[in-house]
Every structure is written in C-alpha cells, then in structure tokens.
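Inside the fold
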Amino acid sequence: MMRCEEIVRYWGAYLDSELGPETQIEMSAHLEQCPECADRLGKEQQVERKIAQGLSDTPDWGAFWGDVERRVRAKGRSRILPFRWMAIAASLLVLVGVAFLATRKDPSPMARLALAHHQAGVEAAREGVAMDAGSVRALLRESFPGIDLAALDMACPGHEVRLQGVRRIEVDGKPAVLVRYTCCSKPMSVLLMRTEDAGPGDEPIGNRRVWIAAGTRFIACAVGGHDAGILQRAASAWAGA
Amino acid sequence: MSTTDTTAFLKHLLACREELARFASRMLGDRTEAQDVVQESVLVAYRKYAKFDGGNFRGWMFAIVAREVMRERRNLARQLSETLAPSEIDDFASLDNMDSYADVRRDPERVLDQLGDPLRQALRDLPDAQRMVFLLRAVEGFRYRQIAEMLHIPVGTVMTHLHRARWKLRERLGAAAGAGRKGGG
Ligand SMILES: [Zn+2]
Ligand SMILES: [Zn+2]
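Before going into details, it helps to say that this report is about the structure given with it. (Residues numbered from 1 in each chain as written. Chains lettered and ligands numbered in written order. Predicted model: local features only at pLDDT ≥ 70, side-chain atom pairs only at ≥ 80, totals over all residues. Heavy atoms only, no water.)

Re the overall build of chain B
Scanning chain B for helices and strands turns up 10 helices and 0 strands. Looking at the 185 residues of chain B, the share that counts as buried comes to 53%. Put simply, of all contacts in chain B between residues at least 6 apart along the chain, 73% involve residues at least 24 apart. (Helix = DSSP H or I, 4+ residues; strand = E, 2+ residues; numbered from the N terminus. Buried < 20%, exposed > 50% of the residue type's maximum accessible area, 1.4 Å probe, protein only. Contact = heavy atoms within 4.5 Å.)

Shown next as structure tokens:
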C-alpha cells in the first residue's frame, strides 16, 4: 500500500494519466481510503486546469495567415526560391545609394539570385566559428581587392554587434562573402558581392518589406530579425564602400 | 506538389494553426519573432509534406515549430537535454510549507481568476526548456512520449522539466496571491 508521502511524488503523472497500470491501481486504492490525499489531488487538478485555461487564448494575427497561405500556394506552383530567408525577412541592401522605387510585384531576378545564394551560404555557414573584425576585414580585402574598408560598418547604429563567422562563397562564379553576426542578440547575416545588374526597388515579400536597390559595385543582402528600417539605416552606413 | 496536396496541407494547417501561433507566441514573447518562426515552420513543413506519414499532423507540425524555436533560442536544445540534479523542489510536499500557496489551493477557481497577469509573467520567467515542455503538456495536451519524441529527449527528462515548471508556477502564483491578499487588505 502506498503511503501519503509517496502519493505526492506521482502527483503530476497521475493528473496527466501517465502512470503505469500498477502504480495507477495502487494510487487509486490509496485515494479511495485517504480523503486528505484525494482532496489535495482534486485541488491540484483544479489549479492545473485554471492555469491551462489562463494560457489557452490564441493570438489574433490578422492578415498573417492569409499571407502564409498565399505563399504556400505560390510555392506549390513553382519552386524558384529557397524560402527560408525570405520568410525571415530578407532585406537586400545596397552599398551605393540609389533612390528606392515604390512597389513592384515580383522580386527582381537579381534579388532572387542573391537571396538564393544567401540562403545556401547561411545554411553552409551555420556552424561558423567566432571571428574578430580584423579577420573579417582581411577576408573581404582578399575577396574584393581594392575594397574601401574604412566605409564598412557592421553595426546597426547604436546596437551591439558580435561577429560569429564569415565564409567565402561563389555566386555565379563570382566571389561573395557571407558574414554572420548578431546584433542586439538577433542572428543576422549579410551577403556581400559585386554586381552590375541589380535593379532598384522596394518590395514587400511576405509580411515584411524587402529593400532592393542597385549599385554598380556591390550588392548586400542582409537577413535577420531586424526591421527594414534598421537595415536601411545600416545600408547607408555601408554606402561609401 | 499537386494542387490536391497543397489543399490537403492547408486544410490540415487550418485545424491547428491557431495553436501553433499560441505556442510560438508563448515561447518567444515577441510577436514578430513568433510570426517569423511560424511562417518558416509552415514553409519547412510544406516542403517536407510529401514525407509526412499521414499520422498526427498537429504533432508533426508542433515538432517543426519546436525545432525552429530552438534555432531562435540557442541555449534551448542544450537546456532541454540537461540532466538535472535532484532538488528539494522535486518533492511536491514542499509546497505544503508555503502559506500563500495554501490560499491558492483552498479555492483555486476564485483565486486564480484574479491572477491572469501574474500567471503569464510566471510563465515568461520559466527557463525556456521548462516553459516549452509545460506548454506542450498542459496547454497543448501532448503525451509525455510525444513530447519526448518531438524534442529528442528521454521521457524522464520531460517529467523533470514538467515537474519543475509546475512547481515554480505554483510558487509564483502563491506569492502573487499572498501579495494580493496583503495589498487588498
Ligand atoms: Zn494519503
Ligand atoms: Zn541591432
């Protein structure tokens, strides 16, 4: 026969109906004879139910599900793009300042290309090693001879940045560099490559805005938890490159 | 994927999406972050839908969301699989020594109706691993075995996290009830 002290040990599993059959039988037998334990368990059951009720409301996400559904359907029709990073709020930034154009319906080919490579690079670099700014700069200098590093600044203005890793990749046979870092604890990454053919634009993709603008020398593709405004400001910090 | 498959996928999703949103929101706190994770999870699931075995779609979906949450919270996976040293709080009897919890236990319906905010705060204050296991069990109703498979941890570890979460929530609710009683006169 179980004792009262043993009952408390099995309390949670009993309420969850997760006890093995033998323990279950022993426990029930005890509860039939012990009003204190029975009362106590009844009360804990009520507490548990109230807690679950108190946490059971679901959030109202407005247009979110409609957006998601549209994207799933679009994905069903074609498989042009790896979605992951677009989904997380991709932002394409440019190092050379250009006017942003207003809405355009589809991402430009350049945007797609950059995002696709960004995605591949990020996945490849997931186990990136911690790096210091000096090594990143060295790698950039090596990959893009003649780059003006003085103008490069990883930081969202005012935020703390930690470099995590950097990887050289190729986009259509041309060198690109993927830098991973956290900014205010959110994982970010930037793909940096030379381009001549990016079209300018400012496009909504998913429920975020994606900034696409063109430069004649570099295109940067930044992905992370930051909103486009921060990324846009970051872009202007890079603009002198 | 065929239109039929896409329609089937979306139909499955419709049945559990509010709950996925709830789980991600309660795990991550931040709405934007939760939406990122859920959207990403849906797209991952859609990509893998051909491999879905036709069993429990909701459980399959929750496992994907849990994995994406782990990507957002770097320490979570480690925290989940940590072997926890036995502690005195593992004994539920220790709640008996807490006066304010006695108030909660005396009349849970009445007392807890007034403790919505402290409850949500107490949940937020739990370590991520405990919060995740607790939500999956107590709010989303998964079995220990399902949670263990979802999170790739042993059932015993599920039970330990769950037990600690429950203990801490009660402790905090007791404290809030005690404060309310004193404050309210
Ligand atoms: Zn007893
Ligand atoms: Zn930042």
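Once the structure has been displayed, the description carries forward.
So, the coordination of the zinc ion (ligand 1)
For a metal with four donors in a tetrahedral arrangement, the ideal angle between donors is 109.5 degrees, while six donors in an octahedron ideally sit at 90 or 180 degrees. All names here are of chain A. On the protein side, the zinc ion (ligand 1) has Cys4 (SG), His30 (NE2), Cys34 (SG) and Cys37 (SG) as donor atoms, found 2.0 to 2.4 Å from it. Every donor counted, the 4 donor atoms about the zinc ion (ligand 1) form angles of 105 to 111 degrees at the centre, which fits tetrahedral coordination. You can call cysteine 37 buried: its relative accessible area is 5%. (Donors = N, O, S within 2.8 Å, 3.2 Å for Na, K, Ca; no water. Tetrahedral: all angles 85-135°; square planar, octahedral: opposite > 155°, others 65-115°.)

Some details on the interface of chain A and chain B
Across the contact, 46 residues belong to chain A and 56 residues belong to chain B. When chain A packs against chain B, the two sides together hide about 5,000 Å² of surface, and 54% of this comes from carbon and sulfur. Together, Leu55(A), Trp61(A) and Trp65(A) form the three largest contributors to the area buried by chain A at its contact with chain B, with a combined 16%. On the surface where chain A and chain B come into contact, there are 11 salt bridges. A salt bridge links Arg137(B) to Asp16(A); the nearest nitrogen and oxygen atoms lie 3.0 Å apart. For the interface between chain A and chain B, the tally reads 20 residue pairs in polar contact (both at pLDDT 80 or more). At the level of secondary structure, the elements contributing two or more residues to the side of chain A that touches chain B comprise helix 1 (4-15), helix 3 (35-54), helix 4 (64-77), helix 5 (84-87) and strand 4 (186-194) of chain A. Looking at the side of chain A that touches chain B residue by residue, the class counts come to 17 nonpolar, 9 polar and 20 charged. (Buried area = accessible area lost by both parts, 1.4 Å probe. Salt bridge = Lys/Arg side-chain N within 4 Å of Asp/Glu carboxyl O. Polar contact = N/O pair within 3.5 Å; in protein donor to acceptor, adjacent residues only side chain to side chain. Nonpolar A, V, L, I, M, F, W, Y, C, P; charged D, E, K, R; others polar.)

Some thoughts on the packing of helix 1 (residues 3-28) of chain B against helix 8 (residues 128-139) of chain B
All names here are of chain B. Two elements in contact, helix 1 and helix 8, have axes whose closest approach is 10 Å; the angle formed by their N-to-C orientations is 155 degrees. Taken together, helix 1 and helix 8 sit at an angle that is classed as roughly antiparallel. Regarding helix 1 and helix 8, the two cross each other, and that crossing is right-handed. Side by side, helix 1 and helix 8 meet where Arg22, Phe23, Arg26 and Met27 of the first sit next to Asp128, Arg131, Met132, Leu135, Leu136 and Val139 of the second. (Axes fitted to C-alpha atoms, helices over the stretch in contact; angles between N-to-C directions. Parallel < 35°, antiparallel > 145°, perpendicular 65-115°, else oblique. Left-handed = near helix turned anticlockwise from the far one by under 90°.)

Remarks on helix 3 (residues 57-72) of chain B
If you check helix 3 of chain B, its first and last C-alpha atoms are 23 Å apart, about what 16 residues at 1.5 Å a residue would give, namely 22 Å. The N-capping residue of helix 3 of chain B, defined by a side-chain oxygen 3.1 Å from the backbone nitrogen of Arg58(B), is Asn56(B). (Expected span 1.5 Å × (residues − 1).)

Focus: the nonpolar core
Counting residues in each nonpolar core, the largest one holds 84 residues, and the members touching the most others are Phe9(B), Met132(B) and Leu151(B). Broken down by element, this core gets its largest block of residues, 10 residues, from helix 1 of chain B. Not counting the four nearest positions on each side in its chain, Phe9(B) is found in contact with Val72(A), Val42(B), Ala45(B), Tyr46(B), Tyr49(B) and Phe57(B). (Core = buried A, V, L, I, M, F, W, Y, C linked by side-chain atoms within 4.5 Å.)

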